[in-house]
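Residue strings, one per chain:
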Amino acid sequence: MSQSKLSLVFALLGGLVLLFIIAPLAGLFIKTSPVEFFETVNDQEVTGSIALTLGVSLVTTLVFAIGSVPLAYWLARTSFRGREIIQSLVDLPVVIPHSAAGIALLGMVSRDTWVGQAASAIGLDFVGHPLGIGIAMAFVSVPFLIQSARDGFANVPLRLEMAAMSLGASPWRSFLTVSLPLAARSIITGMVMMFSRGLSEFGAIVIIAYHPMVTPVLIYERFGAFGLKYSRPVAALFVLVCLIFFVLLRILANRRTHDPIRKY
Amino acid sequence: MIQLENINKSVGNFTLRDISLSIEQGSYTVILGDSGAGKSLLLEILAGIRRPDSGKILVDGVEVQDQPIQERPFGLVFQDLALFPHLSVRENIAFPLKMRRMSKLDVDQIIHELALRFEISQLMERSPNTLSGGERQRVALARTLAPKPNCLLLDEPLTALDTRIRQEIRGVLRNLNRSGLTIIHVTHDYQEALTLATHIGILEGGRLIQQGTAEEVLRNPINTFTASFTGIKNYIHVTISDQRGSGVCVAMANHDIPITLDLQEPAQEGYVIIPEEAIFLSHHPTDTSAANNFCGTITDFHPSPHGVEVMINSGIPLCALLTAEGVARLNLEIGDTIWASFKATSVRFIPK
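Residues numbered from 1 in each chain as written. Chains lettered and ligands numbered in written order. Predicted model: local features only at pLDDT ≥ 70, side-chain atom pairs only at ≥ 80, totals over all residues. Heavy atoms only, no water.

## Concerning the packing of helix H3 (residues 44-77) of chain A against helix H9 (residues 171-199) of chain A
All names here are of chain A. Contact geometry of H3 with H9 gives a least axis separation of 9 Å together with a crossing angle of 140°. Classified by the interaxial angle, the pair formed by H3 and H9 is oblique. Pair H3 / H9 crosses with right-handed handedness. Contacts from Thr53, Leu54, Ser57, Leu58, Thr60, Thr61, Leu62, Phe64, Ala65, Val69 and Tyr73 in H3 reach Phe175, Ser179, Leu180, Ile187, Met191, Met194, Phe195, Gly198 and Leu199 in H9. Here the residues of the contact of H3 with H9 sort into 14 nonpolar, 6 polar and no charged. (Axes fitted to C-alpha atoms, helices over the stretch in contact; angles between N-to-C directions. Helix = DSSP H or I, 4+ residues; strand = E, 2+ residues; numbered from the N terminus. Parallel < 35°, antiparallel > 145°, perpendicular 65-115°, else oblique. Left-handed = near helix turned anticlockwise from the far one by under 90°. Contact = heavy atoms within 4.5 Å. Nonpolar A, V, L, I, M, F, W, Y, C, P; charged D, E, K, R; others polar.)

Quick look at the structure:
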């Protein structure tokens, strides 16, 4: 087969997949009238829900980064028996059904468990609370951050850390001044992925915290109660907000961190 | 004064065995060895990247083998330099000073001095990725020397450089040593040892088989490995069995090939060195005063900076250094039968 025919066939097949992704999203916007769209923008239940979803996902990502970055570094730098098992455990939330993840989490934090009771004692309640939403989001999305950060650290040559230490840096300062900046691009990419995945989570959240409603739950609620016509504008607005955030964060990540290792 | 005492270290199948070495303040010690001899491992142990399984490292009498890497008084330049790609040249050089929490004024002062000394003032704001090999080497040296280490450790610092830059960096290293800095330099290239070393150690298969001043090691290699490393071509194992009186003796190579020496040595085993430029060649046996005349076959020609090395198999392998004109005049070809002659006075004997 000649090169041009090969390119044509590949373009056709690839184009079909792209169309498959774009068509439903385009349809969402085409079928939503401007009036419906602006009514939705002014609907406080919708905007409140979007703000809640964005806020909880952002806070969850930042909080979990504190523990995930050291875990990723440890996974990248140490080799021991059982490392593969820990690696698989980290990836586990990605492969299990999210409703099952929600059931598992509920079993851990509901009011009749010691975790739930301990949290109640200090005035916290996971079930039906943004805290529960955050836990559900984190459970299904944190593997994206850990994987990306781990790959980032693995790409930092160990010699650079050794060089930093032979120049007088303590292990802490070597990590903060060499490893972390050099892995920053991967860590930020991982955080963007975790944040985005958190925004779109439905299965685990709906079980652990139906209220207050995050936008995916609100879309489902409106679809169930009022039908397609009433849920579509909410879906369109949320998709638009997610896209804007995703693109903005990607641009930010690319601008703030060039890729020094690959050039080196 | 840096002393290594009975250092042992196993890594996988490789073992560094019983390394003991004394390094004088202000000396330039080159550790010569093949790849895989343990050179880099030895340097990593000194720098503190790896801990020895046993043995001591003393700096001016103080044991440092248990000190963490960041507290060792050595400056290590890695083979690939390990410049930080996310920092500018200035930030790279400032790195060790900032780690020591020096004031900005002092940092700026030291960087300014180093930039002048290493002629890199114009590169200070550049990224290391954009520098040439020689520039990177200068930056790496400046960064390592910024905190004024007691001793500089260099891991094959000239390997990746072209000939011109190599000579330039050799000059830089020589000047650093002349200014009083102790340098330990590992390499597989004996030319580096010839041009830089005041002291040489030869590492073979994880053992330090010979050490001493550069002159001692280069003049008296203790075995063929050292001889090959120090650039000596005709280094032949012999047994002296016969005395002829009148100041000459005969050493037997390969049991039955006699080499006449202008020396009085008792019967013993050892090595003879025949300088390659002392061997002259002819197509026919000539009436010469040389006591040693061997008939052999030319096996190969090796171009060298000083002419052409003619490899001859005459029962013992010989290497004769001729000028290119000499080779052309004799019309030498591989496979030719040739007579190789050298005087008894040109042969040096090293007892085993």
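And the narrative resumes.
## Considerations on the packing of H9 of chain A against helix H2 (residues 89-99) of chain B
Two measures define how a pair of helices packs: the angle their axes make with one another and the distance between the axes. Close contact between H9 of chain A and H2 of chain B brings their axes to 12 Å; oriented N to C, the two are set at 155°. Comparing the axis directions of H9 of chain A and H2 of chain B gives the class roughly antiparallel. Handedness of the H9 of chain A/H2 of chain B crossing: right-handed. Residues Arg173, Thr177 and Val178 of chain A of H9 of chain A form the contact with H2 of chain B, whose own contacting residues are Phe95, Lys98 and Met99 of chain B. Looking at the contact of H9 of chain A with H2 of chain B residue by residue, the class counts come to 3 nonpolar, 1 polar and 2 charged.

## A few points about helix H4 (residues 83-95) of chain A
All names here are of chain A. Along its 13 residues, H4 runs 19 Å from first to last C-alpha, staying within 8% of the 18 Å computed at 1.5 Å per residue. Looking only at H4, the buried set comprises Gln87, Val90 and Pro93. Where H4 is buried, its residues contact H3, helix H5 (98-109) and helix H7 (130-154). (Expected span 1.5 Å × (residues − 1). Buried < 20%, exposed > 50% of the residue type's maximum accessible area, 1.4 Å probe, protein only.)

## Some details on the pairing of strand S8 (residues 182-187) of chain B
Residues and elements named next belong to chain B. Buried residues dominate S8, accounting for 6 of its 6 residues. Of the two faces of S8, the one carrying Thr182, Ile184 and Val186 and the one carrying Ile183, His185 and Thr187 are both buried. Of the pairings in the sheet, the one linking strand S3 (residues 28-33) to S8 comprises 5 bridges and is parallel in character. Note that in S8 the partner of leucine 32 across the bridge is threonine 187. Strand direction decides the pairing type here: strand S7 (residues 151-155) and S8, joined by 5 bridges, are parallel. Considered in S8, the bridge of aspartate 155 is made with valine 186. Taken together, S7, helix H5 (residues 163-178) and S8 form a β-α-β motif whose crossover is right-handed. (Pairing = 2+ DSSP bridges. Right-handed = clockwise from strand over helix to strand, strands pointing away.)

## Details of the interface of chain A and chain B
Tallying the contact residues gives 20 residues for chain A and 22 residues for chain B. Between chain A and chain B lies a buried interface of about 2,000 Å² when both sides are counted; carbon and sulfur atoms form 66% of it. Applying the counting rule to chain A against chain B returns 1 salt bridge. For aspartate 80 of chain B, the salt bridge goes to arginine 159 of chain A, with nearest N and O atoms at 2.2 Å. Linking chain A with chain B are 3 residue pairs in polar contact (both at pLDDT 80 or more). Elements represented by at least two residues in the side of chain A that touches chain B include exactly helix H8 (158-166), H9 and helix H13 (260-263) of chain A. Partitioning the side of chain A that touches chain B into residue classes produces 13 nonpolar, 4 polar and 3 charged. (Buried area = accessible area lost by both parts, 1.4 Å probe. Salt bridge = Lys/Arg side-chain N within 4 Å of Asp/Glu carboxyl O. Polar contact = N/O pair within 3.5 Å; in protein donor to acceptor, adjacent residues only side chain to side chain.)

## Examining the side chain of histidine 98 of chain A
Residues and elements named next belong to chain A. Relative to the helices and strands, histidine 98 resides in helix H5. With a relative accessible area of 19%, histidine 98 lands in the buried category. Here glutamate 201 takes part through its side chain, which lies 2.9 Å from a polar atom of the side chain of histidine 98. Those residues in contact with histidine 98 that lie beyond four places of it in its chain are Pro93, Val140, Arg197, Glu201, Gly203 and Ala204.

## Concerning the sheet that holds strand S5 (residues 62-63) of chain B
All names here are of chain B. Ordered in space as S2-S1-S4-S5, the 4 strands form an open sheet in which the pairing is antiparallel. Sheet topology places strand S2 (14-23) and S5 at the edges, where each strand pairs with a single neighbour. Most of the contacts of helix H1 (residues 39-47) go to strand S1 (residues 2-11), to which it runs at about 120°, and overall it touches S1, S2 and strand S4 (54-59).

## Details of the pattern of salt bridges
Per the stated rule, a full pass over the model turns up 18 salt bridges over all chains. Between lysine 229 of chain A and glutamate 36 of chain A there is a salt bridge, with its nearest N and O atoms 2.8 Å apart. In this pair, lysine 229 of chain A is assigned in helix H12 (residues 228-256) and glutamate 36 of chain A in helix H2 (residues 34-41), connecting sequence segments 193 residues apart. The partner of glutamate 156 of chain B in a salt bridge is lysine 39 of chain B, with the nearest N and O atoms 3.5 Å apart. Within this pair, whereas glutamate 156 of chain B is found in the loop between S7 and H5, its partner lysine 39 of chain B is found in helix H1, the two being separated by 117 residues in sequence. Looking at lysine 39 of chain B, the relative accessible area reads 5%, which means it is buried. Sharing partners across several salt bridges, the network here consists of Asp43, Glu45 and Arg222 of chain A.

## Description of the confidence of the model for chain B
The predicted model of chain B has a mean per-residue pLDDT of 89, with 99% of residues at 70 or higher. Complex prediction metrics read pTM 0.80 and ipTM 0.82. (pLDDT = per-residue confidence, 0-100.)

## A few points about the sheet that holds strand S10 (residues 207-213) of chain B
Residue and element names in this part refer to chain B. Taking strand neighbours across the sheet as the criterion, the 6 strands line up as S6-S7-S8-S3-S9-S10 in an open arrangement whose pairing is mixed. Strands with a single pairing partner mark the edges of an open sheet, and in this sheet they are strand S6 (74-77) and S10. Each neighbouring strand pair of the sheet contributes to a mean axis angle of 15°, computed without reference to strand direction. Lying on the sheet, H1 is in contact with S3, S6, S7, S8 and strand S9 (199-204); it crosses S7 at an angle near 150°. Relative to S6, helix H4 (residues 133-145) is tilted by about 160°, and along the sheet it contacts S6 and S7.

## Quick look at the packing of aromatic side chains
All told, the structure shown has 11 aromatic pairs over all chains when counted by the stated rule. Members of the aromatic cluster, connected to one another through ring pairs, are Tyr73, Phe153 and Phe175 of chain A. Its end group placed over the ring of phenylalanine 84 of chain B, arginine 143 of chain B keeps NZ or CZ at 4.5 Å from the ring centre. (Phe/Tyr/Trp six-rings, centres within 6.5 Å; stacked < 30°, edge-to-face > 60°. Lys NZ or Arg CZ within 6 Å of the ring centre and 35° of its normal.)

## Quick word on the environment of isoleucine 111 of chain B
Residues and elements named next belong to chain B. Relative to the elements of secondary structure, isoleucine 111 occurs in helix H3 (residues 104-117). On the basis of relative accessible area, isoleucine 111 is assigned to the buried category, the value being 2%. Residues isoleucine 111 and leucine 154 lie 43 residues apart in sequence; the distance between their C-alpha atoms is 21 Å.

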